[in-house]
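# Structure assessment
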Amino acid sequence: MVDLESEVPPLPPRYRFRDLLLGDQGWQNDDRVQVEFYMNENTFKERLKLFFIKNQRSSLRIRLFNFSLKVLSCLLYIIRVLLDPPPQGNKWYHIFWVTRCLPLWGLQVSVALISLFETVLLGYLSYKGNIWEQILRIPFILEIINAVPFIISIFWPSLRNLFIPVFLNCWLAKHALENMINDLHRAIQRTQSAMFNQVLILISTLLCLIFTCICGIQHLERAGKKLTLFDSLYFCIVTFSTVGFGDVTPETALSKLFVVIMICVALVVLPIQFEQLAFLWMERQKSGGNYSRHRAQTEKHVVLCVSSLKIDLLMDFLNEFYAHPRLQDYYVVILCPTEIDVQVRRVLQIPMWSQRVIYLQGSALKDQDLLRAKMDDAEACFILSSRCEVDRTSSDHQTILRAWAVKDFAPNCPLYVQILKPENKFHIKFADHVVCEEEFKYAMLALNCICPATSTLITLLVHTSRGQEGQQSPEQWQKMYGRCSGNEVYHIIMEESTFFAEYEGKSFTYASFHAHKKFGVCLIGVRREDNKNILLNPGPRYIMNATDTCFYINITKEENSAFKNQDQLRRNNASRSFYHGPSRLPVHSIIASMGTVAIDLQDTSCRSASGPNLALPPEGSKETRRPSIAPVLEVADTSSIQTCDLLSDQSEDETTPDENISSNLEYAKGYPPYSPYIGSSPTFCHLLHEKIPVCCLRLDKSCQHNYYEDAKAYGFKNKLIIVAAETAGNGLYNFIVPLRAYYRPKKELNPIVLLLDNPPDMHFLDAICWFPMVYYMVGSIDNLDDLLRCGVTFAANMVVVDKESTMSAEEDYMADAKTIVNVQTLFRLFSSLSIITELTHPANMRFMQFRAKDCYSLALSKLEKKERERGSNLAFMFRLPFAAGRVFSISMLDTLLYQSFVKDYMISITRLLLGLDTTPGSGFLCSMKITEDDLWIRTYARLYQKLCSSTGDIPIGIYRTESQKLRTSESQISISVEDWEDTKDTKEQSHHRNNHRNSTSSDQSDHPLLRRKSMQWARRLSRKVPKHSGKTAEKINQQRLNLYRRSERQELAELVKNRMKHLGLTTVGYDEMNDHQGTLSYILINPSPDTRLEVNDVVYLIRPDPLAYLPNTAPSRKSSICNTTGADTREETQL
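The paragraphs below set out a description of the structure included in this document.

Scoring rules and cut-offs
Residues numbered from 1 in each chain as written. Predicted model: local features only at pLDDT ≥ 70, side-chain atom pairs only at ≥ 80, totals over all residues. Heavy atoms only, no water. Phe/Tyr/Trp six-rings, centres within 6.5 Å; stacked < 30°, edge-to-face > 60°. Helix = DSSP H or I, 4+ residues; strand = E, 2+ residues; numbered from the N terminus. Buried < 20%, exposed > 50% of the residue type's maximum accessible area, 1.4 Å probe, protein only. Lys NZ or Arg CZ within 6 Å of the ring centre and 35° of its normal. Contact = heavy atoms within 4.5 Å. Arc of directions from axis to C-beta. Axes fitted to C-alpha atoms, helices over the stretch in contact; angles between N-to-C directions. Parallel < 35°, antiparallel > 145°, perpendicular 65-115°, else oblique. Left-handed = near helix turned anticlockwise from the far one by under 90°. Nonpolar A, V, L, I, M, F, W, Y, C, P; charged D, E, K, R; others polar. Patch = residues over 30% accessible without salt bridge, like charges linked within 9 Å, V, L, I, M, F, W, Y side chains within 5 Å. Areas by Shrake-Rupley, 256 points an atom, 1.4 Å probe, with all protein chains shown as cover. Salt bridge = Lys/Arg side-chain N within 4 Å of Asp/Glu carboxyl O. Core = buried A, V, L, I, M, F, W, Y, C linked by side-chain atoms within 4.5 Å. Polar contact = N/O pair within 3.5 Å; in protein donor to acceptor, adjacent residues only side chain to side chain. Pairing = 2+ DSSP bridges. Expected span 1.5 Å × (residues − 1). Right-handed = clockwise from strand over helix to strand, strands pointing away. Disulfide = S-S within 2.5 Å. Lys, Arg positive; Asp, Glu negative; His and termini not counted. Charge placed at Lys NZ, Arg CZ, Asp CG, Glu CD.

## Focus: the packing of aromatic side chains
How two aromatic rings sit relative to each other is given by the distance of their centres and the angle of their planes. Taken as a whole, this structure holds 36 aromatic pairs when the rule is applied. Here the aromatic rings of Phe 321 and Phe 382 are separated by 6.5 Å at their centres, their planes lie at 85 degrees, and the arrangement is edge-to-face. A residue pair is termed long-range when its members are at least 10 positions apart, and Phe 321 in helix α14 (residues 311-321) and Phe 382 in strand β4 (residues 380-383) qualify at 61 residues. As far as burial versus exposure is concerned, Phe 321 and Phe 382 are alike and both buried. Pairwise contacts between aromatic rings join Phe 317, Phe 321, Tyr 322, Tyr 330, Trp 353, Phe 382, Tyr 416, Tyr 898 and Phe 901 into one cluster. Over the aromatic face of Tyr 322 sits the side chain of Arg 356, whose NZ or CZ is 4.0 Å from the ring centroid. Its end group placed over the ring of Tyr 490, Lys 903 keeps NZ or CZ at 4.2 Å from the ring centre.

## Considering the environment of Tyr 234
Inspection of the secondary structure assignment puts Tyr 234 in helix α11 (residues 229-240). For the pair Tyr 234 and Val 248, spaced 14 residues apart in the sequence, the C-alpha separation amounts to 8.1 Å. Apart from the residues within four sequence positions on either side, Tyr 234 is in contact with Phe 245, Asp 247 and Val 248.

## A closer look at helix α3 (residues 44-54)
Residues spaced three or four apart along an α-helix point in a common direction, a consequence of the helix completing one turn every 3.6 residues. Buried within α3 are the following residues: Glu 46, Leu 48, Lys 49 and Phe 52. In a view along the axis of α3, the buried residues occupy a sector of 155 degrees, so they form one face of it. Tucked inside the fold, the buried residues of α3 contact α4 (56-83) and α6 (102-125).

## Concerning the packing of α3 against α6
Helix-helix packing: each pair is described by the crossing angle between the helix axes and the interaxial distance. Relative orientation of the contacting elements α3 and α6 amounts to 115 degrees, with a least axis distance of 10 Å. Overall, the two elements α3 and α6 adopt an arrangement that is roughly perpendicular. Of the two possible hands of crossing, α3 and α6 adopt the one that is left-handed. Together, Lys 45, Leu 48, Lys 49, Phe 52 and Ile 53 of α3 and Leu 121, Leu 122, Tyr 124 and Leu 125 of α6 make up the contact between the two elements. Class assignment for the residues of the contact of α3 with α6 results in 7 nonpolar, no polar and 2 charged.

## Looking at a nonpolar patch on the surface
Taken together, Phe 65, Leu 113, Ile 114, Ile 154 and Phe 155 make up a surface patch of nonpolar side chains, about 490 Å² in accessible area. Looking at the nonpolar patch, the elements with two or more residues in it are α6 and α8 (138-155). Positionally, Ile 114 belongs in helix α6. Look at Ile 114 and you get partly exposed, because its relative accessible area is 37%.

## Brief notes about the nonpolar core
Judged by nonpolar contacts, the single largest core of 206 residues is most densely connected at Phe 321, Phe 382, Phe 500, Phe 735, Met 798 and Phe 830. In terms of residue count, the dominant contributor to this core is helix α19 (residues 437-450) (8 residues). Formed by 40 residues, the second largest nonpolar core is a distinct cluster that contains Ala 112, Leu 168, Leu 172 and Cys 215.

## A word on the side chain of Arg 1103
Position of Arg 1103 among the secondary structure elements: in strand β22 (residues 1098-1103). Residue classification places Arg 1103 among the buried residues on the basis of a relative accessible area of 4%. Here the side chain of Arg 1103 touches Asp 953 through a polar contact of 3.2 Å, side chain to side chain.

## Details of the sheet that holds strand β10 (residues 549-554)
Taken in spatial order, the 4 strands of this open sheet run β7-β10-β8-β9, and their pairing is antiparallel. The open sheet is flanked by β7 (488-493) and β9 (535-536), the only strands paired with a single partner. By the bridge criterion, 2 bridges tie strand β8 (residues 522-527) to β9 in an arrangement that is antiparallel. Residue pairing for β9: Gly 525 is matched across the bridge by Leu 536.

## A few points about the sheet that holds strand β20 (residues 954-963)
Across the sheet, which stays open at both edges, the 4 strands sit in the order β19-β22-β20-β21 with antiparallel pairing between neighbours. Whereas interior strands pair on both sides, the edge strands pair on one side only; in this sheet they are β19 (924-929) and β21 (1079-1085). With strand direction ignored, the average angle separating the axes of adjacent strands in the sheet is 25 degrees. Both β20 and β21 contribute to a ladder of 7 bridges, which runs antiparallel. Looking at β21, one finds that Tyr 959 is bridged to Ile 1083.

## Some remarks on helix α22 (residues 508-519)
Its 12 residues place the ends of α22 16 Å apart at the C-alpha level, agreeing with the 16 Å of an ideal helix rising 1.5 Å per residue. Taken residue by residue, α22 has Phe 508, Thr 509, Tyr 510, Ala 511, Ser 512, Phe 513, His 514, Ala 515, His 516 and Phe 519 as its buried positions. Residues of α22 that are buried sit in contact with β8, α33 (940-950) and β20. Gly 520 sits one or two positions beyond α22 and adopts a positive phi of about 80 degrees.

## Remarks on the pairing of β10
Remember that side chains alternate between the two faces of the sheet whenever the strand is regular. Burial runs high along β10: 6 of the 6 residues are buried. Of the two faces of β10, the one carrying Thr 549, Phe 551 and Ile 553 and the one carrying Cys 550, Tyr 552 and Asn 554 are both buried. Pairing of β7 with β10 involves 6 bridges; the strand directions are antiparallel. Following the sheet pairing, Tyr 490 is matched in β10 by Tyr 552.

## Details of the pairing of strand β13 (residues 720-725)
Of all the 6 residues making up β13, 6 are buried; the element is thus mostly covered by neighbouring parts of the structure. Burial along β13 is two-sided: Leu 720, Ile 722 and Ala 724 facing one way and Ile 721, Val 723 and Ala 725 facing the other are all buried. With 5 bridges connecting them, β13 and strand β16 (residues 795-800) associate as parallel partners. Following the sheet pairing, Val 723 is matched in β16 by Val 799. Two strands pair when backbone bridges link them, and β13 and strand β14 (residues 752-756) are joined in this way by 5 bridges, in the parallel orientation. Paired with Ile 721 across the two strands is Ile 752, which belongs to β14. This β-α-β element, β13 to helix α25 (residues 733-739) to β14, shows right-handed connectivity.

## Quick word on the state of the cysteines
Throughout the structure, instances matching the rule amount to 0 disulfides. Here Cys 170 stays free of any disulfide, with the sulfur of Cys 208 as its closest cysteine sulfur at 4.2 Å.

## Digging into a positive patch on the surface
Taken together, the side chains of Arg 846, Lys 862, Lys 865 and Lys 866 present a region of like positive charge at the surface. Checked against the element boundaries, Arg 846 lands in the loop between β17 (834-839) and α29 (855-869).

Shown next, in the form of structure tokens:
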């Protein structure tokens, strides 16, 4: 018996359990229906339509076959004309009848049958209910005219020699060619430019007109002059070119009428085609066309993606990108969605850029535009955000989408992305290099308050320059400043280096000092071969390996340097006078003054709290020889290294027990437990043991925990740092972190006051409530009362951040107008206040601390113009506010992203210098001030040795402040009066000018002579007016005297004091007459070793990481908050 169960197929899984319950009945009563989909596409018509029309590749083959048939029919017509014997007899007979051999007739009939069948079939497939629409189409009518007579001649042999205008098939060939091009684009998924299509249509139209005219004239002249095809061609070319020799002319009336018709058609059709071609040409000029695939495969290019291209952005990119010699052969393809600007177009027409820069109008979100830019073959893609938009978050969103689109289209293309807000940074973490504008901006502003002019230092380091700026200036400081500005950061493998190869196996500080002593280069960092992290000044315990990558500061990289031995140097120096000038080249420095022979080991105990003290050697040594400095050891001696424990600050010993206990309870060191955004680098900071309530963060309002309502009431020991911003963005968090870093001395922490236009969000307050002495206040720098409440009168620094709402303006450079005027007001009201300002446009720096009649400022303006004419990328560097670090523009840091294409380490080094990243074992940027007691060091080289031999610090530059000499402004010139009293006043005036020629103040309160002359002038004027009776005249005279006695500054000071009294604030400490306008400051990066130190010089140092020297028993850095006693190292250096 057959097993029935084996023949029954198994049930689907979802029905098996039900069938077990219902048995066979459940299966028999199943009402399931099988449904077949897309049945309408299985009909014969749909299959034909799919083959002839819908399917791109088969449709392309059909149209190519149709085009070939039309061309073949035209060729058969030409063959028929050439084989036709000369006509004889009745001339009208030859117009309607021709001689056609049987094989030729058979070929023409076959072509006609195939063409007609195809035309009818396509008409049937494209029929949509209106048959007249199909019949009255011009291609259909031409097909009927050319094909139907041949088919009729099959059944009526006497009509085989009937003339049929087969040459009209050229128009059908043109129509088939257009359709074929469209199908070709669809089939291969590539869109050629409309320019190509239009040129193709124009050429085919012109050829069809000429071919039709040739064949028509030749046939109609069979009844006249009997022209050949060549004669007809000659006649058409001469006629359509408007030459008209007249040697060949039509004879019959029909041929003349045909020529007139063809000329009229040409006059109508061709101008339309040319107009469309010209329009497309103009559009192509705007869109930029394509970057050729052949050039992309044979040449190197980078792509710049921007929302809108401004001339300043373009020139900054081109100047910085092409400043590197190995990038001279690169092409730059700009992909921008907006139409090219007029100024940009003019720049790109300059021969220097026209051959290397290609502008494409398109979007990075379209694969077609990315294909036009050949993104998949690009060496790099730079994506820049539009910082001038009001909604910066929206600008970041656009940048993120562009980065995603490029990564999706070209995964192997390196991405260099600029983002504005730090909270959006984690979306583009996949990019090779990312620069977050607000992170860098606030970190630089914070360091400017501790290390003066850090923004200028970083800006000069990330700009490419040869140090030629200012060399034509007559002033020495401009030559030194311009020369040192050419220093940049370079890298080289140690074993391949002439600078550092001999220091293999030596300590880092030994290699840094001796490389500076011998070659004038400043070794600042190193990277192991098996480690990606860069270490800035890893300290004397770090031993150099041959495979290490060395990072150094120098005028040029080692590969571009030439070396001379000492004999050549002596011969060269013998013909020159001995010169100790500070502008001398570092390689040619005098090492004899180093004093390294005698060894005087100095005290290497931890730094005291009394400030910087470059300890002078014992007095006994001065009688026999000059003070000497201990040598830098090849290998660090553990006993001679200052290992000041971060967690046990010796400076606490100087405080009273009560103060010590209170301070220990107040501060701790650890990682902030809360970050306002994703992607912030954890930094070891000073923190509170417990976060303070949010209500206590409000400076100007009391709460249940404290009753203070202004900054003065808090009784801060250190001066304030005030930040004026529009909103408390997440980037502002990066302003607080560097100022509360673990290596900042606790006693030198400045209170931070955030003066905000809008109230901060709660998540931002939760982040800052762990930091000590951080407060906020809702107010504006426009309001004097708000400024006074937040403590501007006893603030060390006032940081003014550019407001987002003012970054966009109808006139680009007017975006900074409000900020500049507000800062100018602060400058006039509080002249002793150090104001640090951020601007949108670097060109507006010339308006900071503006004095219309200051001759020296006008001279600097002329110098800036001359440097710009010489092609300098840093023409604005000689502006006094920028040189002093009191103003900067974040757009100047765009070059950091551009430099990363050649120097992939620049972003990492900059982040380490600014404290945005903290790598274990890497040092940090700080500064020390030179006092009169430190001048025994004498030169920068001896200072370098002193620091390396004692604390392991690496100096990288000097911030120098000088008094302005002979900088007399027009406002200081005495006013002329009718009569001067005597020569005594003249002598006093001359003596006064000599004593105060360094001042640039424009008021009369600083000049007793001017006040006395003003009073004399007032008395004379009062004597000249008619005398009034009694008390009225005396009152007028008294008012007039008071008016002339008061200066502008006195009026401003009186205004401030009145407002302070009105607010209940004490006026003690308001120094309205303290003014630093008579000084200028500038930076010397890696100066010459024989540069003389001066009083008040601030030396930039890269100090080793103190935690790297802690014993293993020290608390771990991974803890969120370290509950040990609050202790820290000193900011100053004792050597």
